[in-house]
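Chain by chain, the residues:
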Amino acid sequence: MKPDLHIVGAGLTGLTAAIEAAERGWRVTVAEAHSRPGGRARTLPAPYRANLGAHAIYVDGPWWAWLERRGLTPPIVAAPHQAGLVRAGGRLGPWPAELSQAIAALPAEAPAEESFRAWLLRHVDAKTAEAIVGVVFIFTFDHDPGRLSAAFVHQRLRRALAGGARYVTGGWSTLVDLLAERAAGLGARIHTRTRVSALPAGPTILATSLAAARRLTGDASLTWPSARMTTVDVGLRADGGPDWFRVIDVDHRIYAARYSLADPTLAPPGHELIQISAACAPGERKADAERRVRQLLDESWPGWRAAVQWYRSAVRTDCTGAIDLPGTTWHDRPAVGRGGGLTVATDQSAAPGLLAEVGISAAQLALQQLGETPRLAQAHVGV
Ligand SMILES: Cc1cc2nc3c(=O)[nH]c(=O)nc-3n(C[C@H](O)[C@H](O)[C@H](O)COP(=O)(O)OP(=O)(O)OC[C@H]3O[C@@H](n4cnc5c(N)ncnc54)[C@H](O)[C@@H]3O)c2cc1C
């Protein structure tokens with residue numbers, strides 16, 4: 001019998017780790033500070049079922065295959081066919097076909113040493129390069145994705161355009177509930193409202209944010225760049241609204257999506273839920289980012305202000321996963337194995353994947369490491 005495994009955090013990473021560990025025969029205990037599992041993948045209760053974090057799940061990735069093998073795939077929907085709007089060069093209009101053509105004509109590989117902007121400028125003119133940089137903000141959340149590693153941004157662009165992005169019906173809590181139920185069914189004990197303030201003795205996976213792992217361990221090397229942005233969620237009456245599903249503001253790095261059009265269960269009948277991300281440069285105030293968002297809505301949804309029933313906004317720092325600067329790749333991020341039976345599995349860890357997938361692959365690396373050192377692990381619990 002393997003020893004107990006402690007998992008701190010019941011977000012997507014911690015729950016996935018709990019399932020796989022229990023399948024491998026570990027006795028698993030998960031400690032979660034919040035009253036509900038899910039972490040950043042929680043969905044607010046009705047009437048406006050806004051996702052706190054993740055929106056798109058990538059069905060072309062390894063995590064989806066992992067879920068499929070276990071019969072854990074949630075119901076999903078694709079983006080609806082309603083037209084999108086783009087603001088580029090100060091003009092709001094339909095998606096420019098020439099932008100799709102320019103993106104499709106880019107080389108299949110990009111180097112990690114060079115910035116995305118410098119690499120783009122070798123293949124397209126300056127105006128097109130800035131438009132593409134504005135678009136890739138959607139998958140990087142960075143205020144200037146042109147400064148990031150070309151390989152990093154290019155991989156996200158390719159995955160996003162490959163057509164694998166779907167939305168979880170009912171919000172991501174649907175998936176969280178499936179994962180938590182399976183983990184519990186396999187015998188994992190999930191203790192909510194349990195904040196861990198000292199490292200547990202014995203084999204442990206810290207499946208928290210990287211910042212929380214840094215605080216818990218006191219290890220200052222647990223740090224990696226991430227993005228900063230303001231999110232705005234709006235619930236409103238739909239009467240007389242426009243018919244777009246998404247608006248991309250390439251100039252000001254804003255992405256607004258009317259998720260209730262894809263999944264009507266997210267808002268009451270006759271109402272809509274719009275969730276908006278606006279990338280923030282270091283130091284930009286929330287009020288200024290919100291002003292940009294409101295201007296975009298004024299232009300794209302005339303009369304929206306009078307229809308608003310519910311509104312919330314927040315500045316989000318370091319919670320959209322890792323971003324890699326030129327000269328770095330995921331291999332350079334903080335290692336999962338920290339020695340002595342301690343592992344750190346976060347979406348800013350040294351693991352491959354796209355957004356939430358990084359935490360999942362980090363959890364699998366953590367289990368590999370712990371599995372390879374069973375004697376050390378057992379020594380920690382005095383077996
Ligand atoms: C606005 C936004 C949009 C996003 N969009 C996407 C997207 O479209 N697609 C995608 O794949 N990803 C997206 N992401 C990223 C995705 O949400 C995260 O990568 C993923 O949810 C991280 O899961 P996790 O389990 O690693 O971490 P978390 O969800 O942060 O879970 C960590 C858990 O640990 C708990 N915890 C922390 N400290 C302690 C402690 N001391 N004791 C006990 N418990 C503790 C926390 O309460 C939390 O529940 C987005 C994120 C944001 C913020």
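Since this is a predicted model, take the numbers as computed values, not measurements.

Visitor: Any chance you could explain the overall build of the protein chain here in plain terms?
Guide: Tallying secondary structure elements over the protein chain gives 13 helices and 16 strands in all. Here the protein chain has a C-alpha radius of gyration of 21 Å; the compact-globule value for 383 residues is 21 Å, and the two agree. Over its C-alpha atoms, taken along the principal directions, the protein chain stretches across nearly 65 × 50 × 40 Å. Put simply, the protein chain has 383 residues, and 51% of those count as buried. A total accessible area of about 15,800 Å² is found for the protein chain, and carbon and sulfur atoms account for 54% of it. Across the protein chain, the centroid of the 41 positively charged side chains sits 5 Å from that of the 35 negatively charged ones.

Visitor: Which parts of the structure should I look at to understand the domain arrangement of the protein chain?
Guide: When the parts of a complex come together, some accessible area is lost, and that lost area is often used as the size of the interface. Split into domains, the protein chain comes out as domain 1 (4-75 + 169-224 + 324-380) and domain 2 (76-168 + 228-317). Computed from C-alpha atoms alone, the centre-to-centre distance between domain 1 and domain 2 is 27 Å. Domain 1 puts 34 residues into the contact, and the matching count from domain 2 is 39 residues. Each partner contributes to the roughly 2,900 Å² buried at the junction of domain 1 and domain 2, and carbon and sulfur atoms together form 60% of this total. Among the residues domain 1 hides against domain 2, the three largest losses belong to Tyr48, His55 and Thr169. Together they make up 24% of the total.

Visitor: Sorry, what's going on with the pattern of salt bridges here?
Guide: When their charged atoms lie close together, side chains carrying opposite charge are able to pair. All chains considered together, the criterion is met by 22 salt bridges. Taking the shortest distance from any N to any O, the salt bridge between Arg117 and Asp144 comes out at 2.7 Å. Of this pair, Arg117 sits in helix H4 (residues 116-121) while Asp144 sits in the loop between helix H5 (126-140) and helix H6 (150-161); the two residues are 27 residues apart in sequence, bridging distant segments of the chain. We classify Asp144 as buried; its relative accessible area is 18%. As a salt-bridge pair, Arg258 and Glu272 come within 3.2 Å of each other at their nearest N and O atoms. With Arg258 in the loop between strand E12 (254-257) and helix H9 (259-262) and Glu272 in strand E13 (residues 271-279), the pair connects residues that are 14 residues apart, well separated along the chain. Considered together, Arg258 and Glu272 belong to a single accessibility category, that of buried residues.

Visitor: Could you clarify how one ought to interpret helix H8 (residues 210-217) in this entry?
Guide: Every α-helix winds through 3.6 residues per turn, so residues three or four apart in the chain are directed the same way. Every buried residue of H8 is accounted for by Leu210, Ala211, Ala212, Ala213 and Leu216. Buried residues along H8 sit in contact with strand E1 (4-8), strand E9 (204-206) and strand E16 (342-344).

Visitor: How should the environment of Leu222 be read in this particular structure?
Guide: Checked against the element boundaries, Leu222 lands in the loop between H8 and strand E10 (228-237). Overall, Leu222 belongs to the buried group, its relative accessible area being 1%. Residues Leu222 and Val336, 114 residues apart in the sequence, show an inter-C-alpha distance of 10.0 Å. Dropping the residues within four chain positions of it, Leu222 is found in contact with Leu210, Ala213, Arg214, Thr217, Pro334, Arg338 and Val344.

Visitor: Quick question: what am I supposed to make of the site of the ligand here?
Guide: Around the ligand lies a shell of 31 residues, among which Thr13, Glu32, Arg40, Ala56 and Asp347 are the nearest. The backbone of Val196 places a nitrogen or oxygen atom 2.9 Å from a nitrogen atom of the ligand. Between an oxygen atom of the ligand and a side-chain N or O atom of Asp347, the distance comes to 2.6 Å. Relative to its unbound accessible surface of 1,000 Å², the ligand loses 92% to contact with the protein. Broken down by class, the residue content of the shell around the ligand amounts to 15 nonpolar, eleven polar and five charged. Residue assignment places the shell around the ligand across two domains, with domain 1 (4-75 + 169-224 + 324-380) and domain 2 (76-168 + 228-317) each supplying three or more.

Visitor: What should I look at first to understand the pairing of E12 in this one?
Guide: Consecutive side chains along a regular strand alternate between the two faces of the sheet. The side-chain alternation of E12 yields two buried faces, one formed by Ile254 and Ala256 and the other by Tyr255 and Ala257. As paired strands, strand E11 (residues 246-249) and E12 are joined by four bridges and run antiparallel to one another. When the bridges of E12 are listed, Arg246 appears paired with Ala257. Where E11 folds back on E12, the antiparallel hairpin that results is connected by four residues, among which Arg253 adopts a positive phi of roughly 55°.

Visitor: Is there a simple way to think about unusual backbone geometry in this case?
Guide: For residues other than glycine, phi is negative in most cases, and the peptide bonds are mostly trans. With an omega of 15°, the peptide bond running from Ala46 to Pro47 counts as cis. Topologically, Pro47 is positioned in the loop between strand E2 (27-31) and strand E3 (56-58). With a phi close to 50°, Arg193 is a non-glycine residue in the positive phi region. Here Arg193 falls in the exposed class, since its relative accessible area comes to 67%. Of note in the backbone geometry, Asp318 takes a positive phi value of approximately 60° without being a glycine. Secondary-structure assignment places Asp318 in the loop between strand E14 (308-317) and strand E15 (337-339). Owing to a relative accessible area of 32%, Asp318 belongs among the partly exposed residues under this scheme.

Visitor: What exactly am I supposed to notice about the sheet that holds strand E6 (residues 91-94) here?
Guide: Each strand in a sheet pairs with another by means of backbone hydrogen bonds, the pair being arranged parallel or else antiparallel. Taken in spatial order, the seven strands of this open sheet run E6-E5-E11-E12-E13-E10-E14, and their pairing is mixed. Unpaired on one side and paired on the other, E6 and E14 mark the two borders of the sheet. Neighbour-to-neighbour, the strand axes of this sheet turn through a mean angle of 15°, independent of strand direction. Across nine bridges, the pairing between E10 and E13 is antiparallel. In the sheet register, Gly235 faces E13, and the bridge partner there is Leu273. H5 rests against E11, E12 and E13 of the sheet, and its axis sits at about 60° to E12.

Reading guide: rules and limits
- Residues numbered from 1 in each chain as written.
- Predicted model: local features only at pLDDT ≥ 70, side-chain atom pairs only at ≥ 80, totals over all residues.
- Heavy atoms only, no water.
- Helix = DSSP H or I, 4+ residues; strand = E, 2+ residues; numbered from the N terminus.
- Rg over C-alpha atoms; globule rule 2.2 N^0.38 Å.
- Buried < 20%, exposed > 50% of the residue type's maximum accessible area, 1.4 Å probe, protein only.
- Areas by Shrake-Rupley, 256 points an atom, 1.4 Å probe, with all protein chains shown as cover.
- Lys, Arg positive; Asp, Glu negative; His and termini not counted.
- Charge placed at Lys NZ, Arg CZ, Asp CG, Glu CD.
- Domains from an automatic or database assignment.
- Contact = heavy atoms within 4.5 Å.
- Buried area = accessible area lost by both parts, 1.4 Å probe.
- Salt bridge = Lys/Arg side-chain N within 4 Å of Asp/Glu carboxyl O.
- Near = heavy atom within 4 Å.
- Polar contact = N/O pair within 3.5 Å; in protein donor to acceptor, adjacent residues only side chain to side chain.
- Nonpolar A, V, L, I, M, F, W, Y, C, P; charged D, E, K, R; others polar.
- Pairing = 2+ DSSP bridges.
- Axes fitted to C-alpha atoms, helices over the stretch in contact; angles between N-to-C directions.

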